[in-house]
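An overview of the molecular structure
Given next are the chains, with one letter for each unit.
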Amino acid sequence: MDRTGQIKISETIAVLFIFFVLILFGIIFYYKYQQAAFFEKEEELLGAKAIEITLKTLFLPELICSKGAAEPEDNCFDVLKLDSVDKTFRKYADDYYFDLFSYATISVKEVYPGDSSWLLYDKPPLKINRKEPTFFVVSLRDDLTDENKPQYRLGYVEVVAYS
């Protein structure tokens, strides 16, 4: 009777061991799945943040082309405003623009016919985990030309959002 009791206890211990090993594998699988889902969601949120900052930049009154009281031109930046906005952005970078853009770098680059560039906002975090660049094509209007009509150039806005 002693031997059968020991065998039954050994069987019970073996079944419990296998049960806990299966539970452990399930926990490890769930942890890895949640970790991958977390990183995927973090990447998605960073992309959404970059697009949001790009849209805010495209509609800044400090940059868009306007014709007096008329509606502003879509996807157009005024070169005169780009040349002079640097002081405003630097002066209010921590107060106003940080609330709008958070940790990001925003620059405008002319592609055709010249190769000018303007760094509008540059506030990277101390430790950069990830960065997500987004690009958007804009026209650059220059009113100071030899002719009386404005000259249009081609450029793009580059927004790099950091996490």
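Presented here is an overview of the structure given in this document. (Residues numbered from 1 in each chain as written. Predicted model: local features only at pLDDT ≥ 70, side-chain atom pairs only at ≥ 80, totals over all residues. Heavy atoms only, no water.)

Some thoughts on helix H3 (residues 93-101)
Residues separated by three or four positions in an α-helix point in the same direction, a consequence of the helix having 3.6 residues per turn. Residues of H3 that are buried include every one of Ala93, Tyr97 and Phe101, and no others. Angular distribution of buried residues about the axis of H3 spans 45°; they occupy a single face of the element. In this structure, H3 carries Asp95 and Asp99 as exposed residues pointing more than 90 degrees from its buried face. The secondary structure elements touched by the buried residues of H3 are helix H1 (2-58), helix H2 (79-91), strand S2 (104-112) and strand S3 (117-122). Just downstream of H3 lies Ser102, where phi reads positive at about 60°. (Buried < 20%, exposed > 50% of the residue type's maximum accessible area, 1.4 Å probe, protein only. Helix = DSSP H or I, 4+ residues; strand = E, 2+ residues; numbered from the N terminus. Arc of directions from axis to C-beta. Contact = heavy atoms within 4.5 Å.)

Brief notes about the pattern of salt bridges
Under the defined criterion, the tally for this structure stands at 12 salt bridges. Linking Glu44 and Lys41 is a salt bridge whose minimum nitrogen-to-oxygen distance equals 3.9 Å. With Glu44 and Lys41 both in helix H1 and three residues apart, this pair spans about one turn of that helix. Of the charged contacts in the structure, one is a salt bridge between Glu158 and Lys109, with a shortest N-O distance of 2.9 Å. (Salt bridge = Lys/Arg side-chain N within 4 Å of Asp/Glu carboxyl O.)

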